[in-house]
Amino acid sequence: MKSEDTQRAPEPSQDSASLLKRLAGPSSTKAGLAKDQDAINRIIAEVSKGSKFYEASGFCSNANEKRKDKELSEKVAKILKQRDEALRGVDIRAIERSVDHLIEELEEQRDLHQTIVHVDMDAFYASVELLHDPSLEGKPFGVGGGVLCTASYEARKYGVRSGMAEFVARKLCPDLIVVKLNFGRYSEMSKQCMRVFRRYDPNMSAAGCDEGYLNITQYCRDHQIDADTCVQEMRAAVHRETQLTVSAGIAPNKMLAKISSDKNKPNGQFHLPFDRDSIKEFMRDLSIRKVPGVGRVHERLLDGIGVKNCGDIYTHRATLYLMDKQFGLRFLLKTYLGIASNVVQPGRREERLSIGAERTFRSLSDKQMILAKLEEVANELAGDMLSGGWTGKTVTLKYKLDTYEVFTRAKSFDHWVSQNKEDLFAIGKELLLPELPLTIRLIGLRVTKLKDLHAAEPVGGIKHFFEVSSSSPRKRARLEADIEEEQVADTESRVDEDSMPDLYEEEDLEPDPFENGLSDQDMEGPETSRSDPHFKPRSHKPRSRARTIPSRTNPNSEDRAESSGSRSVSNPGSNLSGKAPQSLAVAGELEEHICPICSKQLATDNQGLNTHIDFCLSKGAILEAQVEASSPKKPTQKPTRLGTTSKEQKGRPK
């Protein structure tokens, strides 16, 4: 125990294994890559020295990547210290017995009755380009420019992969051909592939333009075929109609299906046996990095306490129990057991968290030229907000310096942001001007804390009930703060068993041109742009961010009370039991009433109606209804009054 629990974190150095592993990037586990990754990583480190991009990104001494490696080593050392302190004087066997009981409880959640399939198009961008230009057949090529978005399997044999700088890729593969991106082609081919998948599951969940999850249980039952035959037919149909190949994983849940889809890439499928022992055997020797949701940072921290493979989770279960906050015990135990969600459903509008647009260009220093680019972005974002039916309450400016450092500046509002391009430009300009002079190569705007303007409202419901009341801006602001506080509390109260804790920086993401507006494409080439209305959603879960709620004085019932007609609500939370009243007709003559909150028709007297209204109001909906009903029907066309400013990255760029 002593030997494995008192090891020291490795000291970082330019040639350390940890730093070289960082240089590999987040896509170093892609299928088809060269086997000798250590040698390739050393070539990457050597060729990167002295380049402006990699000095900013950290591939030479005294730079970002080395600094990040050192910081991560310090985190590992801190984790090990916390572990040693947590283990001191505790009964390890008793803790292990307790965790074993928890494992037994988790085992009861295992469901082997659903057939889940993860489909993943093979080198999607590269394959689409190959269809467009058959002369690329058999040649090593990548798609992108400046930074590669993907690489053909021939190029991967040399170590070339997504997220790699073009000049590094050419060093690894001198004969590499680089093809420029064409989003129109990818979008059209993606739609064709998704149409085929939806024949087998109309409720499939697209996890991007080139992958998704399906539940084929019902299809197999209806057509009296087994899962392997079904998936073979599906893959054949995709190839027949698009000339593209797809790999697939068949398993009892989404996590196992995604891992399985990588087993026989490219153009293959893997069926994991649907029994407990086979699943545990499959997971035991699986690298922890292969688990969806475990990135490079988590991998390094887990490695620090001895967890390299999923089987190690059980070995170190006592340590993980004591460090649940740092690692998420239940998530890791479910990973060890191979238990995860098997619910497949399409994405919903209400799940969207932001809408934005970005533009990449050659480095600019001229103020007017930078503002012109900002205006173009504002125009694009305004169009997407208007066509998509979105507004929000926070606007974030993002810009990237010519040194490739990225900064964000955000401003929050006490009203919904206008969809007017002039107003969005004014907000962005106000955030940008204090930062000038700058030399930048990317600029973008993003709106968060969204409101769906297309969402239907119940007729005669709670909003109608409050429309007659007049609410002062001060009172509305207070009510909005109440709502936000409740939402934050609700978010923090939920325990997420499908991912690790969000305690560490999010730096493991591959370049995603659809999501990030090609921020790293064509680093010294022509201008590129992309808005993100809907096309390429992330497959990983978005991270939550802590928010500071302004304190309020005298938050008493009088401040929160609102009157409407003859009904005065002085305590919306008077009935907090969460149960409907047993009897609404307490006394008096029964009459037909319509509840102004939920629009239900009731046979009761006035006292019963009032009791029912109290129950409706106790649900917490009153606060939101009061705010929205007393606000304008549409976002104002004038620039909104600005609230507090937050800087998401400390310090001003030098």
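Just so we're clear, the structure is a prediction, and the values are computed from it rather than from any experiment.

(A) The overall build of the protein chain, seen in detail. Scanning the protein chain from N- to C-terminus turns up 27 helices and 20 strands. The proportion of buried residues among the 654 residues of the protein chain is 51%. Across the protein chain, every contact between residues at least 6 apart in sequence was considered, and the portion connecting residues at least 24 apart equals 72%.

(B) Spatial organisation of helix α20 (residues 367-388). With 22 residues, α20 extends 31 Å from end C-alpha to end C-alpha; this agrees with the ideal 32 Å at 1.5 Å per step. Of the positions making up α20, those classed as buried are Ile370, Leu371, Lys373, Leu374, Val377, Ala378, Glu380, Leu381, Ala382, Asp384, Met385 and Gly388. For α20, the side-chain oxygen to backbone nitrogen distance between the N-cap and Gln368 is 3.2 Å, and the N-cap itself is Asp366.

(C) Structural detail: the nonpolar core. Of all hydrophobic cores here, the largest spans 47 residues; its most connected members are Met283, Ile288, Leu302, Ile313 and Phe327. Counting residues per element, the ones that place at least two in this core are α5 (64-87), α6 (92-107), α13 (254-260), α14 (276-284), α15 (296-304), α17 (317-322) and α19 (329-337). In this view, Leu302 contacts Ile288, Val294, Val307, Leu320, Phe327, Leu332 and Met500; residues no more than four positions away in its chain are not counted. Residues Phe141, Phe197, Leu214 and Val238 belong to the second largest nonpolar core, which totals 39 residues.

(D) Spotlight on the packing of aromatic side chains. Here the structure, examined in full by the defined rule, presents 7 aromatic pairs. Ring-pair connections join several aromatic residues into one group, and the members of that group are Phe124, Tyr125, Phe183 and Tyr186. The ring of Tyr153 has Arg156 lying over it, and the distance from NZ or CZ to the ring centre is 4.5 Å. The ring centre of Tyr314 lies 3.8 Å from the NZ or CZ of Arg317, which sits over that ring.

(E) Local environment of the sheet that holds strand β3 (residues 147-151). Ordered by their spatial adjacency, 3 strands build an open sheet running β3-β2-β4, and the pairing between neighbours is mixed. One side of each edge strand has no neighbouring strand; the edge strands of this open sheet are β3 and β4 (177-179). Going across the sheet, the axis of each strand differs from the next one's by a mean of 40°, ignoring polarity. Where strand β2 (residues 141-145) lies against β3, 4 bridges are found, and the strand directions are antiparallel. By the bridge assignment, Gly145 is partnered in β3 with Val147. Strand contacts of helix α7 (residues 124-132): β2, β3 and β4, with the helix running at about 105° to β2, the strand carrying the most contacts.

(F) Focus on the side chain of Ser247. Structurally, Ser247 can be placed in strand β7 (residues 246-251). Within polar-contact distance, the side chain of Ser247 engages the backbone nitrogen of Gly268 at 3.4 Å. Ignoring anything within four residues of it in the chain, the contact list for Ser247 reads His118, Val119, Asp120, Asp122, Ser261, Asn264, Lys265, Pro266, Asn267 and Gly268.

(G) Just the pattern of salt bridges, in detail. Overall, the coordinates contain 22 salt bridges when judged by the stated rule. Here Arg284 and Glu281 are joined by a salt bridge, their closest N and O atoms 2.8 Å apart. Remark: Glu281 and Arg284 occur in helix α14; sequence separation between them is 3 residues, near one turn of the helix. Looking at Arg284, the relative accessible area reads 40%, which means it is partly exposed. We classify Glu281 as partly exposed; its relative accessible area is 44%.

(H) View of the sheet that holds strand β8 (residues 269-271). Taken together, 5 strands build an open sheet; the order of strands is β5-β6-β1-β7-β8 and the sheet is mixed. The open sheet is flanked by β5 (205-206) and β8, the only strands paired with a single partner. Contacts from helix α12 (residues 227-242) reach β1 (116-121), β6 (211-215), β7 and β8, with the element oriented near 160° to β7.

(I) Region of the structure containing the environment of Asp228. Considering the arrangement of structural elements, one finds Asp228 in helix α12. Spatially, the C-alpha atom of Asp228 lies 8.3 Å from that of Gln269, the residues being 41 residues apart in sequence. Dropping the residues within four chain positions of it, Asp228 is found in contact with Ile250, Gln269 and His271.

(J) Structural detail: unusual backbone geometry. Omega for the peptide link from Lys265 to Pro266 comes to -5°, which places this bond in the cis form. Tracing the chain through its elements places Pro266 in the loop between α13 and β8. Here the phi dihedral of Ala123 falls at roughly 40°; this positive angle occurs in a residue that is not glycine. Along the polypeptide, Ala123 turns up in the loop between β1 and α7. Accessibility expressed as a relative area gives 6% for Ala123, which makes it buried. For Gln224, which is not glycine, the phi torsion reads 50° and is therefore positive. Structurally, Gln224 can be placed in the loop between α11 (217-223) and α12.

(K) Focus on the packing of α14 against α19. Contact pair α14 / α19: the axes reach a minimum separation of 7 Å and the direction vectors enclose 110°. By the angle between their axes, α14 is roughly perpendicular relative to α19. Of α19, the residues touching α14 (which contributes Ile279, Lys280 and Met283) are Thr335, Tyr336 and Leu337. Of the residues assigned to the contact of α14 with α19, the class counts are 4 nonpolar, 1 polar and 1 charged.

(L) Examining the packing of α7 against helix α10 (residues 183-200) more closely. The N-to-C vectors of α7 and α10 enclose an angle of 100°; their axes lie 10 Å apart at closest approach. Here α7 lies roughly perpendicular to α10, going by the angle between them. Facing α7, whose interface residues are Phe124, Tyr125, Val128, Glu129, Leu131 and His132, α10 presents Arg185, Tyr186, Met189 and Ser190. Looking at the contact of α7 with α10 residue by residue, the classes come out as 6 nonpolar, 2 polar and 2 charged.

(M) Here's a closer look at the pairing of strand β9 (residues 354-364). Along β9, 9 of the 11 residues are buried, which leaves the element largely enclosed by surrounding structure. Here β9 pairs with strand β13 (residues 440-448) via 8 bridges, running antiparallel. By the bridge assignment for β13, Arg359 is matched with Ile443.

Rules behind the numbers
Residues numbered from 1 in each chain as written. Predicted model: local features only at pLDDT ≥ 70, side-chain atom pairs only at ≥ 80, totals over all residues. Heavy atoms only, no water. Helix = DSSP H or I, 4+ residues; strand = E, 2+ residues; numbered from the N terminus. Buried < 20%, exposed > 50% of the residue type's maximum accessible area, 1.4 Å probe, protein only. Contact = heavy atoms within 4.5 Å. Expected span 1.5 Å × (residues − 1). Polar contact = N/O pair within 3.5 Å; in protein donor to acceptor, adjacent residues only side chain to side chain. Core = buried A, V, L, I, M, F, W, Y, C linked by side-chain atoms within 4.5 Å. Phe/Tyr/Trp six-rings, centres within 6.5 Å; stacked < 30°, edge-to-face > 60°. Lys NZ or Arg CZ within 6 Å of the ring centre and 35° of its normal. Pairing = 2+ DSSP bridges. Axes fitted to C-alpha atoms, helices over the stretch in contact; angles between N-to-C directions. Salt bridge = Lys/Arg side-chain N within 4 Å of Asp/Glu carboxyl O. Parallel < 35°, antiparallel > 145°, perpendicular 65-115°, else oblique. Nonpolar A, V, L, I, M, F, W, Y, C, P; charged D, E, K, R; others polar.

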